[in-house]
Amino acid sequence: NPLPNDLAGPAARHVTTQVMVGNVAVGGGAPIVVQSMTNTDTADIAGTVEQVAALTRAGSELVRITVDREEAAAAVPHIRDGLRKRGITTPLIGDFHYIGHKLLADYPACAEALDKYRINPGNVGFKNKRDSQFADIVEIAIKNNKAVRIGANWGSLDQELLTKLMDENAVSAKPRDVRAVTREAMVQSALLSAARAEEIGLPKNKMVLSAKVSAVQDLIAVYQDLASRSDYAIHLGLTEAGMGSKGIVASSAALGILLQQGIGDTIRISLTPEPGGDRSLEVQVAQELLQTMGFRTFVPLVAACPGCGRTTSTTFQELARSIQDFIRVEMPAWKTRYPGVENLNVAVMGCIVNGPGESKHANIGISLPGTGETPAAPVFVDGQKFRTLRGANISGEFKALVIDYIEQ
Ligand code: SF4
């Protein structure tokens, strides 16, 4: 959706060094990559293969899996094989904490099967040995030609570094508030670790940085700072975003502002799933965020009005839901058959007030009759009135018109 010329639009993308994670480019002007993470026990090979496959189907371009113990490390190459047998080549990222150095050293097939290692500078090992354990992981990455994400996290921040900065702040002539010092510790933790990794020999084009926080304003400030002080590829994510609408709103607000400022090369929306809920919702939200902001297109957008007192029957909501579901279900087949179909805009509107106008802005749109209006639903194609649908099968007829439009 190109923006009209008189709108400034997003800032130019922050220039970063491109990193290849498997066959996926991150940063350096590449399209912003959507990623997600499994919540299966990685030792459960079949369950993890199944979930990586589901996340891939949903559109996750990179998938992270926890590698927390020996059984998980041993399972990783089998997971890779299981995915390969299904024709799935989505790069896998191993998430390591505390004993990552040991797992990667003891399970070389795991180190080889992964495309990137995520390490947390706050818990890369145990006190006093942290530096050597960090170096061990970096050296294994260099040997295997793998990328590394250095992922600082507010909840597991390097306590030594934080204490040092707090002490310096306490005697400073212009002390800053505690949150500002903590934000600085986040940024420094990521940057100092990246500098150390480079000293060891990991090139910049093998490193992605993140500094995740759970509060929106802190997250924005931390990433602005991180971007202004480096050109490493950046992974964006609001950590511990929460469940349902709270998690979606908080992540979209924080990431939307940063993306608009040109910051972010890959994003993950961390949502706590409802019990038994679908993990792939976080992929859908990430895609919709990028698409609604005009950065990428993944699936045709359905614009629908919220409905009001003029839509007292459920026909309008049912049609909007049915068209949206229909598009999501058909999309994998359409993408192969009709390249570019993801750029389609569809409108489903509830009455004559905004219905015809909004429908004219879409590629194809329908305006249902509101309460008291003539029971007729005009369909607009490329801004022109095309046909009027009536009767009990408006939904079926409109779907057929959508397919006709795509085919043509
Ligand atoms: Fe209500 Fe009509 Fe506006 Fe939809 S388009 S919100 S039905 S007035």
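Residues numbered from 1 in each chain as written. Predicted model: local features only at pLDDT ≥ 70, side-chain atom pairs only at ≥ 80, totals over all residues. Heavy atoms only, no water.

**A look at the UniProt feature "domain: IspG C-terminal" (unreviewed entry) in the protein**
To keep things clear, this is the line we draw: UniProt positions are given in the numbering used here, feature names are shortened, and annotations may be inferred rather than shown by experiment. A run of H or I in DSSP counts as a helix once it spans at least four residues, and a run of E counts as a strand once it spans at least two, with each numbered from the N terminus.
Under the present numbering, the feature "domain: IspG C-terminal" (unreviewed entry) in UniProt falls on residues 302-402. Annotated as residues 302-402, this span is 39% helix and 23% strand, and its ends, taken at the C-alpha atoms, are 12 Å apart.

**What to know about the side chain of D115**
To be explicit about the condition: Buried, partly exposed and exposed residues are distinguished by accessible area as a fraction of the type maximum, computed with a 1.4 Å probe on protein chains only: under 20%, between the cut-offs, and over 50%, respectively. Two residues form a contact once any of their heavy atoms are found within 4.5 Å.
With respect to the helices and strands, D115 occurs in the loop between α4 (108-113) and β6 (116-119). Note on D115: relative accessible area 16%, which makes it buried. Residues in contact with D115, not counting those within four places in the same chain, are V21, G22, R80, P91, L92, K146 and A147.

**Topic: the site of the ligand**
Note the threshold: Proximity is defined per residue: if any heavy atom of the residue lies within 4 Å of a molecule or strand, that residue is considered near it. Note that Gly is not counted as nonpolar here; it falls among the polar residues with everything else outside the nonpolar set of Ala, Val, Leu, Ile, Met, Phe, Trp, Tyr, Cys and Pro and the charged set of Asp, Glu, Lys and Arg.
Looking at the ligand, the residues that line it are C305, G307, C308, R310, T311, G350, C351, V353 and N354. Broken down by class, the residue content of the shell around the ligand amounts to 4 nonpolar, 4 polar and 1 charged.

**Section: the sheet that holds strand β4 (residues 62-66)**
Selection rule: Being paired, for any two strands, means DSSP has found at least two bridges between them. A fitted line through C-alpha atoms represents every axis, and for helices the fit uses only the stretch in contact; the resulting angles, taken between N-to-C directions, go from 0 to 180 degrees.
Around the barrel, which closes on itself, the 8 strands sit in the order β3-β4-β5-β6-β7-β8-β9-β10 with parallel pairing between neighbours. The pairing of strand β7 (residues 147-153) with strand β8 (residues 207-212) spans 6 bridges and is parallel. If you follow R149 over to β8, its bridge partner there is V208. Packing against the sheet, helix α1 (residues 45-58) makes contact with β3 (33-37), β4 and β5 (92-96), and its axis sits at approximately 155° to β4.

**Overview of helix α2 (residues 70-85)**
To keep things clear, this is the line we draw: Here the expected span of a helix is defined as 1.5 Å times the quantity of residues minus one.
If you check α2, its first and last C-alpha atoms are 24 Å apart, about what 16 residues at 1.5 Å a residue would give, namely 22 Å. Where α2 is buried, its residues contact α1, β4, β5, α3 (100-106) and α4.

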